[in-house]
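Chain residues, written in single-letter form:
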Amino acid sequence: MNKETAMNLYILEGVLADYTGGMAVIAAPTLERCWEVFAEKFKYSGDSLDRQKRLCEDIKVIEGVNRAEGVVSYMYGGG
């Protein structure tokens, strides 16, 4: 889905960790699709994706955003 339509903006805190948590902001219609987009972008699958989900400390949702599906922004955690 590349055309712009109302999406939810998911802010994932604690993912992409390296000593400290990072974050990712993803536009997707559902939380399930958000994790699929996350996995595709950052090449996670299986156990490594499950680990990212466990590391996720908080998920904030902004509904009804006029944005194309995909990763909006991200930041890796650091030491």
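Bear in mind the structure is a predicted one, so any value in this text is a computation, not a measurement.

### Some remarks on the packing of aromatic side chains
Next, step 1: Under the criterion given, the structure shown has 6 aromatic pairs.
Next, step 2: Judged by centre distance (5.6 Å) and plane angle (5°), the ring pair of Phe 38 and Tyr 44 falls under stacked.
Next, step 3: A residue is classified by how much of its surface remains accessible, and Phe 38, at 0% relative accessible area, is buried.
Next, step 4: Between Phe 42 and Tyr 74 the ring centres are 5.0 Å apart and the planes differ by 80°, which places this aromatic pair in the edge-to-face class.

### Section: a nonpolar patch on the surface
Next, step 1: A cluster of nonpolar residues, Leu 31, Ile 59 and Val 61, forms a patch on the protein surface that exposes about 200 Å² of accessible area.
Next, step 2: Structurally, Leu 31 can be placed in helix H1 (residues 31–42).

### Remarks on the side chain of Glu 69
Next, step 1: Mapped onto the elements of the fold, Glu 69 is located in the loop between strand S3 (58–67) and strand S4 (70–75).
Next, step 2: Of the residues examined, Glu 69 reaches a relative accessible area of 16% and is grouped as buried.
Next, step 3: Side-chain polar atoms of Glu 69 contact the side chain of Arg 33, separated by 2.9 Å.

### Here we look at the side chain of Gln 52
Next, step 1: Counting through the fold element by element, Gln 52 comes out in helix H2 (residues 46–55).
Next, step 2: Sequence-distant contacts of Gln 52, defined by excluding residues within four places in its chain, comprise Val 15, Leu 16, Trp 35, Phe 38 and Tyr 44.

### Quick look at the pairing of strand S2 (residues 23–28)
Next, step 1: When you tally the buried positions in S2, you get 5 out of 6 residues, the bulk of the element.
Next, step 2: Bridge count between S2 and S4: 5 bridges; the pairing is antiparallel. Paired with Met 23 across the bridge in S4 is Met 75.

### Examining the environment of Asn 66
Next, step 1: Tracing the backbone through its elements, the reader meets Asn 66 in strand S3.
Next, step 2: Through-space distance from the C-alpha of Asn 66 to that of Met 7 is 6.2 Å; in sequence the pair is 59 residues apart.

### Remarks on unusual backbone geometry
Next, step 1: Even without a glycine there, the phi angle at Leu 16 is positive, about 55°.
Next, step 2: Residue Leu 16 is classed as buried on the basis of its relative accessible area, which comes to 2%.
Next, step 3: Positive phi is not limited to glycine here, since Tyr 19 has a value of about 75°.
Next, step 4: Its place among the elements puts Tyr 19 in the loop between strand S1 (5–13) and S2.

Thresholds, definitions, all that
Residues numbered from 1 in each chain as written. Predicted model: local features only at pLDDT ≥ 70, side-chain atom pairs only at ≥ 80, totals over all residues. Heavy atoms only, no water. Phe/Tyr/Trp six-rings, centres within 6.5 Å; stacked < 30°, edge-to-face > 60°. Buried < 20%, exposed > 50% of the residue type's maximum accessible area, 1.4 Å probe, protein only. Patch = residues over 30% accessible without salt bridge, like charges linked within 9 Å, V, L, I, M, F, W, Y side chains within 5 Å. Areas by Shrake-Rupley, 256 points an atom, 1.4 Å probe, with all protein chains shown as cover. Salt bridge = Lys/Arg side-chain N within 4 Å of Asp/Glu carboxyl O. Helix = DSSP H or I, 4+ residues; strand = E, 2+ residues; numbered from the N terminus. Polar contact = N/O pair within 3.5 Å; in protein donor to acceptor, adjacent residues only side chain to side chain. Contact = heavy atoms within 4.5 Å. Pairing = 2+ DSSP bridges.

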